[in-house]
Amino acid sequence: MRRVLHIIRKEFIQIRRDRTMRALILLVPIIQIWVLGYVISSEVKHVSTVICDLDRTSTSRALIERLSHTVYLNVRYHEERESLVGEYLDAGRAMIAVVLPAGLEKNLQTLQPSRIQLLVDGQDANTANVALGHIAGILEAYLTDRVRSQSAAALLSEEIHLLTPVVQVWYNPNLKLSDFMIPGIVVFLLTMITTLVSAMGLVREREIGTLEQLLVAPIKKHELLIGKIIPFALLGLFEMGLAIGFARLWYHIPIVGNLGLYLLLSIIFLFTTLGLGLLVSAFSHTQQQAMFMSWFILIFVLLMSGFLFPIENMPRLAQWLTYLNPMRYFILITRELFIKGAGLRHLYIQGLILCLFGALIFTFSVLRFQKRLK
Amino acid sequence: MKPRIVAVLQKEFIHIWRDPYSLLIVFLFPMMMILLYGYAITFDIKYIPLAILDQDRSPASQQLVEKLTSSNYFRITARLQDRRAIEPGFLHRRMSAVLVIPPDFDRRLTSRPETSVQLIMDGANANTAMIAMNYLKSFLTRTTLELNQGLLATPLEIEPRIWYNPDLKSTHFVVPGLIAILMMMICAMLTSLTISRERETGTLEQIFVSPIRPVEIIIGKVAPYILLAFLDAMAILGFSHWVFGVPIRGSLALLVFFMLIYIYASLSLGVFISSRTRTQQAALFAAMLGTLLPSVLLSGFVFPIASMPRVLQWVTYIVPAKYFLIQARGVMLKGVGFDYLYLPTVFLLIFGTLLLAVSVKRFKTNLEG
């Protein structure tokens, strides 16, 4: 045990000595949460728009007014000639062109169908889709209000019957995307740091030749391994705490559930990521290799975890694959616990699966690594 | 002078060859990403799990539910008996939204001027909740218009024409971004790592005391990575073009020219990083913070710049990948020419030259000091 402590101390001394590392340990989580928080959890907003009004009536002006007064669009240009709106898309100045056709007001008054033409830069399929949805919503809201004001008299005469929704949003009443995304970023950070550091840490000793010195030192192999792994785990938990603290202060994310339970589940999850890093280091000769392999694995773990892209919408085969991804379970645990305050009885299945993954990956990688040391 | 550079070149090629793992990953990674984006990843939200709490149980309420589920936005995963079942249902993730149809719905719908149904959303996943809510609202508006046919306005039809990517395929959008990230990874990350590895293992000093000039060292170390980045970009282009039909509408020669400019800018960034870091680990972290993350997050690769807060939008102006993406997408998807794209080119040239000048100077002082 004393010998393990010595190794742990050596690791911390190494970190302390490296000025760049020391700064990075503090900066990486904060910068990541800060930047990622804004980038990932920003809703589609301020989509650059050009409007071509061929109707020029009070109706078309009212519609333009509504389109201009939403955060989703940024109406930057008004073009008079329909033939020129395409130019705005080509030059990348606008992403959407709205053409309000001549006769719009007349059609609405006579209950004739009218068509509003939209020209959409479809390169970014997601933004295009979301913006289209918002425009549809704005037009629909305009119509509903119009119906309401015009049918006030009819409503009283009980000729017209409206069906209206009353919406109640639980857990996240303002539908803040950051509440949902930032816990995911915390998980990604923890996964990334522990995997990378444990993958590179051991290879580094081998690369600069100090591993042999350690191996001939009077210390058992498993003690060496434990002594190397524990600082990585502590580092990961420290970074996670820093990230959560910063996210709470800066983004005011809710933490409804029990943090003690969360710490426990995080430690279980760490066995998977540290094991993964160890496995990578058993297969690589240089730090560069270790880093490449870790990134290669991490990107897929990230994309197939439900962090950015909802799993339910993937094709069946891809969905099955995600069941093999430990981060999938931990992302779910984190979000449910933070936002909804889910407890162990809602999350025990995920917890058990993580235990299983952790035990399997960790044992396998330790065996593999010890073989490699010999 | 020539043979000295060739020697450094040879040495670097040997380094790359000795490490087939990294080489394999550099080529395999983008292909896997394209496959993933092509097949697995979609932003569409469909089949949102919905629970029904029907307190009316009349033909009218059943009809409403049926009509709602005939689209593939929702699938009904639970039928609740009373309101107390809602909370456990949300916590066990059995549904994301509940539609509550009030008692008397049938009668009210035809006798009262206004009838309400309640939507209770699990707001934890803000994205899904927002889409579900918008869809339910517009569904109810449409139902209202149908109920009162001939009395109220007809819906405003939207006729969208999608340019550049008519099927809204995310692969088309992602491929130029992947090229930008991969080239940045190879040119900036690998070069900064290889230089800092020499420093860490102490071989950089050996090279410095040999009769090679710093410029020669840099060129010799960097040239193999230029080749590698270029080959990789071509492989990505070919694969995405022939397997997933990603178009190259403009001139290929122009695209290659833009790639070379971008390679120059990324290399300068890599050399700059390695001139300022001592260990591989530090170089790695710095490269991640300085090259990889900005290229992924702040370039417009998947996250639109217009939606970011103002400060981050300013930061994007110093991210080289942003400019390359404008160029690559312009040529590949829009098919526009150089007259639309000269500004980003000018910027990348200035960016690269500035960084290179600063780091060469730094290397020289290192050598002398």
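Residues numbered from 1 in each chain as written. Chains lettered and ligands numbered in written order. Predicted model: local features only at pLDDT ≥ 70, side-chain atom pairs only at ≥ 80, totals over all residues.

Draft legend 1. Molecular detail of the overall build of chain B. The helix and strand inventory of chain B stands at 14 helices and 5 strands. A compact globule built from 369 residues would reach a C-alpha radius of gyration of about 21 Å, whereas chain B, at 29 Å, exceeds it by more than 25%. When the backbone C-alpha atoms are referred to their principal axes, chain B occupies close to 95 × 45 × 40 Å. Looking at chain B alone, contacts between residues at least 24 apart form 78% of all its contacts between residues at least 6 apart. (Helix = DSSP H or I, 4+ residues; strand = E, 2+ residues; numbered from the N terminus. Rg over C-alpha atoms; globule rule 2.2 N^0.38 Å. Contact = placed C-beta atoms within 7 Å.)

Draft legend 2. Highlighting the overall build of chain A. In terms of regular secondary structure, chain A is built from 15 helices and 5 strands. The globule rule puts the C-alpha radius of gyration for 374 residues at 21 Å, and the 28 Å found for chain A is more than 25% above it. Looking at chain A alone, contacts between residues at least 24 apart form 77% of all its contacts between residues at least 6 apart.

Draft legend 3. Examining the interface of chain A and chain B more closely. Each side of the interface is counted separately: chain A has 102 residues, and chain B has 98 residues. For the side of chain A that touches chain B, the leading source of residues is helix α6 (residues 125-150) of chain A, giving 16 residues. When its residues are assigned to classes, the side of chain A that touches chain B shows 57 nonpolar, 28 polar and 17 charged. Inspection of the sheet shows strand β5 (residues 162-170) of chain A paired to strand β4 (residues 114-122) of chain B by 9 bridges, in the parallel sense. When the sheet's bridge partners are listed, Trp 170 of chain A is paired in β4 of chain B with Asp 122 of chain B. (Nonpolar A, V, L, I, M, F, W, Y, C, P; charged D, E, K, R; others polar. Pairing = 2+ DSSP bridges.)

Draft legend 4. Representation of the confidence of the model for chain B in the model. Summarising the model, chain B shows a mean pLDDT of 84, and 95% of its residues fall at 70 or more. In the predicted assembly, ipTM is 0.79 and pTM is 0.82. (pLDDT = per-residue confidence, 0-100.)

Draft legend 5. Quick look at the nonpolar core. Counting residues in each nonpolar core, the largest one holds 209 residues, and the members touching the most others are Ile 96, Ala 97 and Val 186 of chain A together with Ala 97, Ala 180, Met 183 and Ile 186 of chain B. Not counting chain neighbours up to four residues away, the residues in contact with Ile 186 of chain B comprise Val 26, Tyr 225, Leu 228, Ala 229 and Asp 232 of chain B. (Core = buried A, V, L, I, M, F, W, Y, C linked by C-beta atoms within 7 Å. Buried ≥ 20, exposed ≤ 12 C-beta atoms within 10 Å, placed from the backbone.)

Draft legend 6. Region of interest: unusual backbone geometry. Within the chain, Arg 56 of chain A stands out as a residue other than glycine whose phi angle is a positive 50 degrees. One can find Arg 56 of chain A in the loop between β1 (47-53) and α3 (58-68). Judged by the 13 C-beta atoms lying within 10 Å of it, Arg 56 of chain A is partly exposed. Here Arg 93 of chain B, not a glycine, exhibits a phi torsion of approximately 55 degrees, which is positive. Of note, Arg 93 of chain B is situated in the loop between α4 (86-91) and β3 (97-101).

Draft legend 7. Representation of the pairing of strand β2 (residues 73-78) of chain A. Of the strand pairs in this sheet, β1 of chain A and β2 of chain A are connected by 5 bridges, and their pairing is parallel. What sits directly across from Ile 51 of chain A, in β2 of chain A, is His 78 of chain A.

Draft legend 8. View of the domain arrangement of chain B. Looking at the assigned domains, one finds that chain B contains domain 1 (2-41 + 168-368) and domain 2 (48-147). Taken over C-alpha atoms, the centre of domain 1 of chain B sits 51 Å from the centre of domain 2 of chain B. (Domains from an automatic or database assignment.)

Draft legend 9. Here's a closer look at the sheet that holds β4 of chain B. Read across the open sheet, the 5 strands follow the order β5(A)-β4(B)-β3(B)-β1(B)-β2(B); overall the sheet is mixed. Both outer strands of the open sheet, β5 of chain A together with β2 (74-79) of chain B, are each paired with one neighbouring strand and no more. Put simply, the sheet's adjacent strands are angled 30 degrees from each other on average, direction ignored. Here helix α3 (residues 59-70) of chain B sits on the sheet and contacts β1 (48-54), β2 and β3 of chain B; the angle it forms with β2 of chain B, its principal contact strand, is near 135 degrees. Packing of helix α6 (residues 126-147) of chain B onto the sheet brings it into contact with β5 of chain A together with β1, β3 and β4 of chain B, and relative to β5 of chain A it is tilted by some 170 degrees. (Axes fitted to C-alpha atoms, helices over the stretch in contact; angles between N-to-C directions.)

Draft legend 10. Up close: the packing of helix α10 (residues 252-274) of chain B against helix α13 (residues 320-334) of chain B. Residue and element names in this part refer to chain B. The N-to-C vectors of α10 and α13 enclose an angle of 170 degrees; their axes lie 10 Å apart at closest approach. The orientation of α10 with respect to α13, classified from their angle, is roughly antiparallel. Note on element contacts: α13 touches α10 through Pro 320, Phe 324, Gln 327, Ala 328, Val 331 and Met 332, opposite Leu 254, Leu 255, Phe 258, Tyr 262, Ala 265, Ser 266 and Leu 269. Its residues assigned to classes, the contact of α10 with α13 shows 11 nonpolar, 2 polar and no charged. (Parallel < 35°, antiparallel > 145°, perpendicular 65-115°, else oblique.)

Draft legend 11. Examining the pairing of β4 of chain B more closely. As paired strands, β3 of chain B and β4 of chain B are joined by 4 bridges and run antiparallel to one another. Residue Val 98 of chain B lies in a different strand from β4 of chain B, and its bridge partner there is Ile 120 of chain B.

Draft legend 12. Summary view of the packing of helix α2 (residues 19-40) of chain A against helix α11 (residues 280-297) of chain B. It is at 11 Å that the axes of α2 of chain A and α11 of chain B come closest, and there the two elements cross at 10 degrees. The angle between α2 of chain A and α11 of chain B places the two elements in the roughly parallel class. Where α2 of chain A approaches α11 of chain B, its residues Thr 20, Met 21, Leu 24, Val 28, Ile 31, Val 35, Leu 36 and Val 39 of chain A are matched on the opposing element by Gln 281, Ala 282, Phe 285, Leu 289 and Leu 297 of chain B. When the residues that make up the contact of α2 of chain A with α11 of chain B are grouped by side-chain class, the tally is 11 nonpolar, 2 polar and no charged.

Draft legend 13. Structural view of the environment of Val 302 of chain B. Residues and elements named next belong to chain B. As for its placement among the helices and strands, Val 302 is situated in the loop between α11 and α12 (310-315). Among the residues examined, Val 302 registers 21 C-beta atoms within 10 Å and is labelled buried. Along the backbone, Val 302 and Phe 173 are 129 residues apart, and their C-alpha atoms lie at a distance of 7.9 Å. Setting aside residues no more than four positions away along its own chain, Val 302 makes contact with Val 174 and Gly 177.

Draft legend 14. Layout of the environment of Ser 58 of chain B. Structurally, Ser 58 of chain B is set in the loop between β1 and α3. For the pair formed by Ser 58 of chain B and Asp 104 of chain B, sequence separation is 46 residues and the distance between their alpha carbons is 8.6 Å.

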